[in-house]
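# Working through the structure, step by step
Now for the letters of each chain:
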Amino acid sequence: MGTALRTILLVLLFAIITQIQFNLDADKTATRQMKNALEIATHDAALAVDPISFSNGKIIFQNGETVNGNLLPNNALENFKKSIESNLNVSSSGGYLYTPTSNSFFKNNLSLVELIYLDDRVDRTYPFTYSHPEYDFTQNIDGPSVIAIMITESPRWFVGGTTVIRQAAVYEYKK
Amino acid sequence: MSKTLAEWMTLFIAINIMFAPILSYVDSLNREAVEVVLAEGAKKASIEGRFTPAIIQEMKDTLVNKYHFDSNKITIQGTQTLTPRNQYIEGSIKAPRSFIFVLDIFNPSPSTFEKDIKILSEYIN
């Protein structure tokens, strides 16, 4: 009887430790994949630069706003969306909410909560420190930059509470 | 007879399950290494406009020397033609998987895994 109880206890302990390990591993993998994908996506978004402003020595990202009377296409968000969709196996219609496809590692929706363009449409002196009021994000900015912050719920394998994963990435042109 | 059989079966399953967590952790770390090497390689390839042989060799060396992959079993593929700015460069790494179950009594899992990546080129003539 004693042996049986001890065995059951040991098996239970093993099961719990395994569960914790697999859950933490899912957190870690999701964080890493999101960070890597965000870095590539902000890079792609930052390549969408308005050529007219560029010829005047200004870097202005094509973010769908009107600059100097010209309506810019929203290529930055389009590039960002394409990159995230193909690198994380998710799909999106608007570019701000991503739904995992069946072969994605993620299970819950990913939301792009911030996509910030710090560029030359406003006169700035570089470097300066940018900090986001809400998301505990501070970064030294050396030039025109694209900043993205993304949130999702960790795709944990087992029951054990939910963890929210939040990652930010910056791509900047050095001035 | 039936008791002996049951004990052996338990032993087989117990050994398999006992080592599964640590071995799956190793598998996860292998995937991490491949993903990070691929992402860093893609960033370099973006500047050059293609996966140059030097970039591919560097990625391979990192995987072999730092993470102890078998160099004959890794295949790294990437866009070789010079890609102009704002067009996509693709790359992928195929690497062997380590085993998760010590005793091979379950359905075999795939023996390799593959990661791919897509990034816009920065190359200007």
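This text goes with the structure placed above it.
Read on for a plain summary of the structure.

### Side note on the pattern of salt bridges
When the charged atoms of two side chains lie near each other, side chains of opposite charge can form a pair. Counted under the stated rule, the structure contains 14 salt bridges over all chains. A:Arg121 serves as the salt-bridge partner of A:Glu65, at 2.8 Å between the closest nitrogen and oxygen. Here A:Glu65 is found in the loop between helix 2 (51-55) and strand 1 (66-67), whereas its partner A:Arg121 is found in the loop between strand 5 (110-118) and strand 6 (128-132), with 56 residues between them in sequence. Here A:Glu65 falls in the partly exposed class, since its relative accessible area comes to 40%. Between A:Arg121 and A:Asp119 there is a salt bridge whose closest N-O contact spans 2.8 Å. Judged by relative accessible area, which is 26%, A:Arg121 ranks as partly exposed. Taken together, the salt bridges that share partners define one network made up of A:Lys28, A:Arg32, B:Glu32, B:Glu35 and B:Lys115.

### Points about helix 2 (residues 53-67) of chain B
All names here are of chain B. The first and last C-alpha atoms of helix 2 sit 20 Å apart over 15 residues, in line with the 21 Å expected at 1.5 Å per residue. Within helix 2, burial applies to Ile55, Ile56, Met59 and Leu63. The buried side chains of helix 2 occupy one side of the element, clustering within an arc of 105° when seen end-on. For helix 2, the exposed residues lying more than 90 degrees away from the buried face are Pro53, Ala54 and Asn65. Those residues of helix 2 that are buried are in contact with helix 1 (2-48), strand 1 (75-78) and strand 2 (88-96). Two residues or fewer past helix 2, His68 is found with a positive phi of approximately 60°.

### Some points on the packing of aromatic side chains
Counted by the stated rule, this structure contains nine aromatic pairs over all chains. Plain terms: the ring middles of B:Trp8 and B:Phe12 are 6.5 Å apart, the flat faces sit at 50° to each other, and that makes the pair tilted. With a gap of four residues between them, B:Trp8 and B:Phe12 both fall in helix 1, about one helical turn apart. Assessed through its relative accessible area of 37%, B:Phe12 is described here as partly exposed. Joined through ring pairs, the aromatic side chains of A:Phe61, A:Tyr117, A:Tyr171 and A:Tyr173 make up one cluster. Taking the ring centre of B:Phe113 as reference, the NZ or CZ of B:Arg31 above it sits at 4.7 Å. It is B:Lys118 that lies over the ring of B:Tyr88; its NZ or CZ is 4.6 Å from the centre.

What counts and how
Sequence order as written defines residue numbering, which begins from 1 separately in each chain. To read the labels, note that chains go from A and ligands from 1, taken in the order they are written. A pLDDT threshold of at least 70 governs which residues receive local features in this predicted model, and a stricter bar of 80 or more applies before side-chain atom pairs are shown or counted, although totals over entire chains, interfaces and linings include all residues. For side-chain calculations, the full set of non-hydrogen atoms in the structure is used, while hydrogens and water are omitted. Basic side-chain nitrogens of Lys or Arg form a salt bridge, by our definition, when they fall within 4 Å of a carboxyl oxygen of Asp or Glu. Numbering of helices and strands runs from the N terminus; a helix is a DSSP stretch of H or I covering at least four residues, while a strand is a stretch of E covering at least two. Any residue under 20% of the maximum accessible area for its type is buried, any over 50% is exposed, and the rest in between are partly exposed; the area is computed with a 1.4 Å probe on protein chains only. A helix is expected to reach a length of 1.5 Å times the quantity of its residues less one. The arc in question is the one traced by the directions running from the helix axis out to the C-beta atoms. For this analysis, residues touch if any pair of their heavy atoms sits within 4.5 Å. Note on aromatic pairs: the rings of Phe, Tyr and Trp (six-membered ring only in Trp) are paired at centre separations within 6.5 Å, and the planes decide the class, stacked below 30 degrees, edge-to-face beyond 60, tilted for the rest. Over a ring means this: the NZ of a Lys or the CZ of an Arg is within 6 Å of the ring centre and within 35 degrees of the ring normal.

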